[in-house]
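Listed below, chain by chain, are the residues.
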Amino acid sequence: MAAPSRVFAFRDVRWAPDPVLEPGPAVRTPQPVPLVIDNGSFQTRAGWACADPAVPAEPLLRFRSLAARNRGARGGAGAETQVGNDLGSPEPLRWLLRSPFDRNVPVQLELQELLLDHVFQRLGVSSQGCVDHPIVLTEAVCNPLYSRQMISELLFECYQVPKVSYGIDSLYSFYHNRRQSWPCSGLVISSGYQCTHILPVLEGRLDAKNCKRINLGGCQAAVYLQRLLQLKYPGHFAAITLSRMEEILHEHSYVAEDYIEELQKWQSPEYYENNMHKMQLPFSNKLLGSTLTSEEKQERRQQQLRRLQELNARRREEKLQLDQERLDRLLYVQELLEDGQMDQFHKALVELNMDSAEELQSYINKLSLSVEQTKQKILQAEVNIEVDVVDSKPETPDLDPLGSEQSLEDVESINEFEPLFAEEQPEVEKPVAAVQPVFNLAEYHQLFLGTERIRAPEIVFQPSLIGEDQAGIAETMQYVLERYPKEQQAILVQNVFLTGGNTMYPGLKARVQKELLEMRPFQSSFQVYLASSPVLDAWYGARDWAVEYMTRDEGWITRKDYEEKGGEYLKEHCASNVYVPIRLPKQAPRTTEALAPSRVLTSSTGNPCEQA
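Residues numbered from 1 in each chain as written. Predicted model: local features only at pLDDT ≥ 70, side-chain atom pairs only at ≥ 80, totals over all residues. Heavy atoms only, no water.

**Things to note about the overall build of the protein chain**
Then, in step 1: What the protein chain contains, in helices and strands, is 20 helices and 20 strands.
Then, in step 2: Taken across its 612 residues, the protein chain has 41% of its residues classed as buried.
Then, in step 3: Considering only residue pairs separated by 6 or more positions, the protein chain has 71% of its internal contacts joining residues 24 or more positions apart.
Then, in step 4: With the model as given, the accessible surface of the protein chain reaches about 35800 Å², and the carbon-plus-sulfur share is 52%. (Helix = DSSP H or I, 4+ residues; strand = E, 2+ residues; numbered from the N terminus. Buried < 20%, exposed > 50% of the residue type's maximum accessible area, 1.4 Å probe, protein only. Contact = heavy atoms within 4.5 Å. Areas by Shrake-Rupley, 256 points an atom, 1.4 Å probe, with all protein chains shown as cover.)

**Focus: the sheet that holds strand 17 (residues 446-449)**
Then, in step 1: The strand order across the open sheet formed by 3 strands is 1-16-17, and the pairing between neighbours is mixed. Here the strands that pair on one side only, and so sit at the sheet edges, are strand 1 (7-9) and strand 17. Mean inter-strand twist for the sheet, computed between neighbouring axes without regard to direction, equals 30°.
Then, in step 2: Pairing between strand 1 and strand 16 (residues 277-280): 3 bridges, direction parallel. (Pairing = 2+ DSSP bridges. Axes fitted to C-alpha atoms, helices over the stretch in contact; angles between N-to-C directions.)

**Thoughts on the pattern of salt bridges**
Where charged atoms of side chains with opposite charge meet at close range, the side chains can pair.
Then, in step 1: Scanning all chains against the criterion turns up 22 salt bridges.
Then, in step 2: One salt bridge in this structure joins R511 and E515, with 3.0 Å as the shortest N-O distance. Here R511 pairs with E515, and both are found in helix 16 (residues 508-519), just 4 residues apart, close to one helical turn.
Then, in step 3: Here E515 falls in the buried class, since its relative accessible area comes to 12%.
Then, in step 4: Counted as one network, the salt bridges with shared partners bring together R11, E247 and E251. (Salt bridge = Lys/Arg side-chain N within 4 Å of Asp/Glu carboxyl O.)

**What to know about the pairing of strand 5 (residues 67-70)**
Then, in step 1: Across 4 bridges, the pairing between strand 5 and strand 6 (residues 80-83) is antiparallel. Within strand 6, the residue paired with R69 across the bridge is T81.
Then, in step 2: Alignment of strand 5 against strand 7 (residues 97-98), held across 2 bridges, turns out to be antiparallel. Residue A67 lies in a different strand from strand 7, and its bridge partner there is R98.

**Things to note about helix 5 (residues 242-252)**
Turn by turn, an α-helix covers 3.6 residues, leaving residues three or four places apart pointing in a common direction.
Then, in step 1: Among the residues of helix 5, those classed as buried are R244, M245, E246, E247, I248, L249 and H252.
Then, in step 2: Looking at the packing, one finds that the buried side of helix 5 touches strand 1, strand 4 (61-64), helix 4 (218-232), strand 16, strand 17 and helix 13 (452-455).

**Some details on the packing of helix 1 (residues 109-122) against helix 2 (residues 145-158)**
Then, in step 1: Packing of helix 1 against helix 2 leaves a shortest axis separation of 11 Å and a crossing angle of 50°. In terms of orientation, helix 1 and helix 2 fall into the oblique class. As helix 1 runs across helix 2, the sense of the crossing is right-handed. Contacts between helix 1 and helix 2 involve L109, Q112, E113 and L116 from the former and M150, I151, L154, L155 and C158 from the latter.
Then, in step 2: Looking at the contact of helix 1 with helix 2, its residues break down into 7 nonpolar, 1 polar and 1 charged. (Parallel < 35°, antiparallel > 145°, perpendicular 65-115°, else oblique. Left-handed = near helix turned anticlockwise from the far one by under 90°. Nonpolar A, V, L, I, M, F, W, Y, C, P; charged D, E, K, R; others polar.)

**A short note on the sheet that holds strand 2 (residues 35-39)**
Hydrogen bonds between backbone atoms are what pair the strands of a sheet, whose relative direction is either parallel or antiparallel.
Then, in step 1: Within the open sheet, the 6 strands sit side by side as 4-3-2-10-11-20. Their pairing is mixed. Two strands lie at the open edges of the sheet, namely strand 4 and strand 20 (557-558), each paired on one side alone.
Then, in step 2: Bridge count for strand 10 (residues 135-139) against strand 11 (residues 163-168) is 5 bridges, and the pairing is parallel. Bridge pairing in strand 11 links T138 to G167.
Then, in step 3: Each of strand 10, strand 11 and strand 20 is contacted by helix 2, which is oriented at about 150° to strand 11, the strand it contacts most.
Then, in step 4: Packed onto the sheet, helix 17 (residues 537-548) meets strand 2, strand 3 (43-48), strand 10 and strand 11 and runs at close to 150° relative to strand 2.

Pasting the structure below:
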């Protein structure tokens, strides 16, 4: 007999706001230590790169790279922009969320500045005037020069940082998990929130010419899973949110070693019952309108009425206070006129945007009338605070005295109004029996996860599942390896390294090993490694690099380099991109351009035969 499937509840965790941390003395003495920021499209991580054991060797801040501008409360403060964990939960603000990234490349400078302000503020770094800490910042593979130029301009011009270093997050992770003597070679497979990269590394340096990118990642998998479940459960369309889909991907999905064979297994009812996961959506046991008696309805009406009365009273008091302040101001200006202080009086009239004393008197009369009316309404509301909310019922006239003496016309008129009276007669209160649902309400609010557990992660291997005309990880990896001679291929496959948040699915490592086994020659060897922490190893690797190269010039761009060589300039190091400067074509001298038309004119005025 098949074992019953387990039921899992959605956690729906709310983000806790980041506290404001106080940097220790080891961060600033004897010199300011580097600040490491893993600027990811899904999550931003920040912390200090310090060898002192008093400073935590882990990211102190971790928040989603999102910002939202709320509209503010009515009559209160204006709009406020919230960043990262200050949002609480992304779902209520889903249509207001904005990210500085297009795919994995930062393009919105204003939003990127908000994220950096949040980092500096919560780490206790004063960003007013100058940030005197060196910055280690991650960037995308083959990052466009314009994007790096914007970030460099922001760091050097806005924050006045002393120096900055750029590196690739997946190469920092590869540097942190190095198992051989550095420099070493390998094939890095990095799958993140927006895209997946295949990066060949030769002797510790990135071979940028043979890098390949797949525009699929965890974001596309979450959207695909959301569409699958919304089509399967149209009654729970609004409850199937992206945040819950990300939770399913992180905790209940896996990669099949053989996708077709795994689908055939799911056709078995016994396999389905043993491996299917049930996700419980929140619901209420109380059926609408089933257990409310007339007394409960009456009490609910009274509560609603009291809330409305309190709200109206509060608004009247606020309006009265505001009008009274305006009236006092106008009366003060009128006193200046009565005291003969004409200069101050005219100056006050200009501030009030008024032209004459008659207009001032007119405003005073209107405000005085408004204040008196508001006071009367407040007094009347206090007198009539006890209001009977019972609906008044028209009493049915007593028709018994008519007896047999009533005329035919009276009987006809009574018969005409009889339906009206019948509708308005109070019904006899009957005991309300508890309504028993004809189905299991909890089971109705459950999502049954079967093949969806493997279909969503499969898109990085088969992008055609979602209609993308791209190659998957296996085809791209084979294409990259075939661009090298066999000797270098053998070296690269000895160190296939998996990193990124989208590589944490169970079974992904076995799937990559299976694909390599199919594409490599018979009896050839290869090794596949998974990062010790695929999400955080990029930050740890950047910290290791910053501690090791803190006192060196390699990899650091100073302000002098920025001013002399431009914002797109990059100093290469073991985990950086390859710097390709902009080469503009040389223009021809203006003298030759000016002489060319004159020669044409001379030849045109010469012999027609020579011209022909």
